[in-house]
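Observations on the three-dimensional arrangement
Residues per chain are reported as follows:
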Amino acid sequence: MKKIAIAMAAVLSASAVYAAELNGVSASDISRLSALKAPAPALRAAQAPATAEISDLTLLPQASKSLLSTYAETEAGFKAFTAMWTPILAKYGMKVTGTEYKDQFGTLKYESPDGRVIRAFTADKMDYDALSSTTMAKLQGDLVSALDNSGLTPVAALRITKNDYIRPTVAVYYLTKPEENTDHEVQLRQLKNGDDIDFDLLANSVTLVRKDSSFSLVYIGKLVGFKTLLSKDESGIAAKLADYRKFLSDNKKDFIASRTFKLDQPIDLGEDGTLNYAVNVYFFQ
C-alpha cells in the first residue's frame, strides 16, 4: 500500500522556496505562510507561532524524543521538510544537530537551550465543522491560547486543508518538558474512548480545554487512563474498585477519582445473574 506522502503548500524562507520548487510548489504559495524572522532571545517567549495552510501532506512531522520525523517519497521532499522546520526551531532558540534520510523516512534531531522538546496535537478526532473557515480559525486560536495559558509555548499552528487522506483540521506544535515516560509529560491530549466522561472528576487533575462531546475531552496534562468495572451489587463493585486501585498502585499508576452508579439497564448474564452496578475509574498512566 502506498504510504501517505506529505507536501507543503508554503515554505518559510528563501531556502524553503528552493525546496518547495523541487516538490512542485509554486512561489506564490509562500504568501500563505507567516514570516519567520528570528527574534532577539528576550522576545522569543512572546512570539506568535508559525502558521501555514497545508493541502498536500508532505511536511507534517511526528514529534518524539528530541526529533521530528516524516515520511518523504523523495530526498527532495525531505529537503523541503528540513527547510520548513529549521527556521521554526531557530525562532525559538533551538538548533538542528543532525538529519538523516533513509528508505523514504527522514528525521531531524534538535536540541534546545532549556531542554524542552516539541510535541504535537492534531485535532482531526475533535467535533467541529471542517468546512467552515471561521470554525477552523477559532479552533486553531483556541488550541494555541490554551497552550499559551498553560505555559506550553506554541511554535507552529498548521491548518490542514482539503486533501485525499485526512479531513480538514488543525495541527499544533509546542514546547514542553520531557519525561522518560512520555505518558507523564504535560501535553495537549484528547480522552475519547466511546464512554461518557465524568468531567467534574478530572477538573482538579488536568486542564480542561474543551468538552468536545459527552464522550470526548481535550485537555492538558499527563495521559489519563479510564476503566469501567461491573458487578452484581454494591459490595461487589466496592471490592472490585479496591482491587483495581491496588493494581494501579502496584503498577505505579496514580489513581485520580472514581464514580459508582447503578446501571439504568442491568446486564443479564443468564444463569450467572445480573450486573447492576458499575464504577468509572480515572487514573494517570
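The paragraphs below set out a description of the structure included in this document. These numbers come from a predicted model, not from an experiment. (Residues numbered from 1 in each chain as written. Predicted model: local features only at pLDDT ≥ 70, side-chain atom pairs only at ≥ 80, totals over all residues. Heavy atoms only, no water.)

Considerations on the layout of surface pockets
Put simply, the largest pocket is a space of about 730 Å³. As for the largest pocket, its lining consists of 29 residues, of which Gln 62, Ala 120, Phe 121, Thr 122 and Asp 124 are closest to the centre. Mapped onto the lining of the largest pocket, the elements with two or more residues apiece are strand 2 (62-64), strand 3 (67-71), strand 6 (117-122) and strand 9 (187-191). With 5 residues, strand 9 is the single largest residue contributor to the lining of the largest pocket. (1 Å grid on protein atoms, 1.4 Å probe; cavity = no way out; pocket = protein on both sides within 12 Å on 5 of 7 lines; lining within 4 Å. Points joined across faces, edges and corners; volume = space filled by probe spheres on them. Helix = DSSP H or I, 4+ residues; strand = E, 2+ residues; numbered from the N terminus.)

Focus: the sheet that holds strand 12 (residues 224-231)
Adjacent strands of a sheet pair through backbone hydrogen bonds, lying either parallel or antiparallel. Reading across from one edge, 12-14-13 is the order of the 3 strands in this open sheet, with antiparallel pairing throughout. Strand pairing shows two members of the sheet lacking a second neighbour, strand 12 and strand 13 (254-268), which therefore form its edges. On average, each strand axis in the sheet is inclined to that of its neighbour by 20°, with strand direction left out of account. Relative to strand 14 (residues 274-284), strand 12 runs antiparallel, the two being bridged by 8 bridges. If you follow Lys 227 over to strand 14, its bridge partner there is Val 281. (Pairing = 2+ DSSP bridges. Axes fitted to C-alpha atoms, helices over the stretch in contact; angles between N-to-C directions.)

What to know about the nonpolar core
Formed by 28 residues in total, the largest nonpolar core has its most connected members in Trp 85, Tyr 110, Ile 118, Leu 158 and Tyr 173. Counting residues per element, the ones that place at least two in this core are strand 1 (50-54), helix 2 (75-91), strand 5 (105-111), strand 6, strand 7 (154-160) and strand 8 (169-176). In this structure, Ile 118 is in contact with Ala 63, Leu 68, Leu 89, Met 94, Tyr 110, Tyr 173, Tyr 174 and Leu 175, ignoring residues within four places of it in sequence. (Core = buried A, V, L, I, M, F, W, Y, C linked by side-chain atoms within 4.5 Å. Buried < 20%, exposed > 50% of the residue type's maximum accessible area, 1.4 Å probe, protein only. Contact = heavy atoms within 4.5 Å.)

Some remarks on the packing of aromatic side chains
Counted according to the given criterion, the structure contains 6 aromatic pairs. With centroids separated by 5.5 Å and ring planes inclined at 35°, the aromatic side chains of Tyr 244 and Phe 247 adopt a geometry described as tilted. A residue pair is termed a helical-turn pair when its members lie 3 or 4 positions apart in one helix, as Tyr 244 and Phe 247 do in helix 5 (residues 234-250) at 3 residues. For Phe 247, a relative accessible area of 39% gives the class partly exposed. One aromatic cluster is present, built from ring pairs that chain together Phe 78, Phe 81 and Tyr 101. Taking NZ or CZ as reference, Arg 245 lies 3.7 Å from the ring centre of Phe 255, over its face. (Phe/Tyr/Trp six-rings, centres within 6.5 Å; stacked < 30°, edge-to-face > 60°. Lys NZ or Arg CZ within 6 Å of the ring centre and 35° of its normal.)

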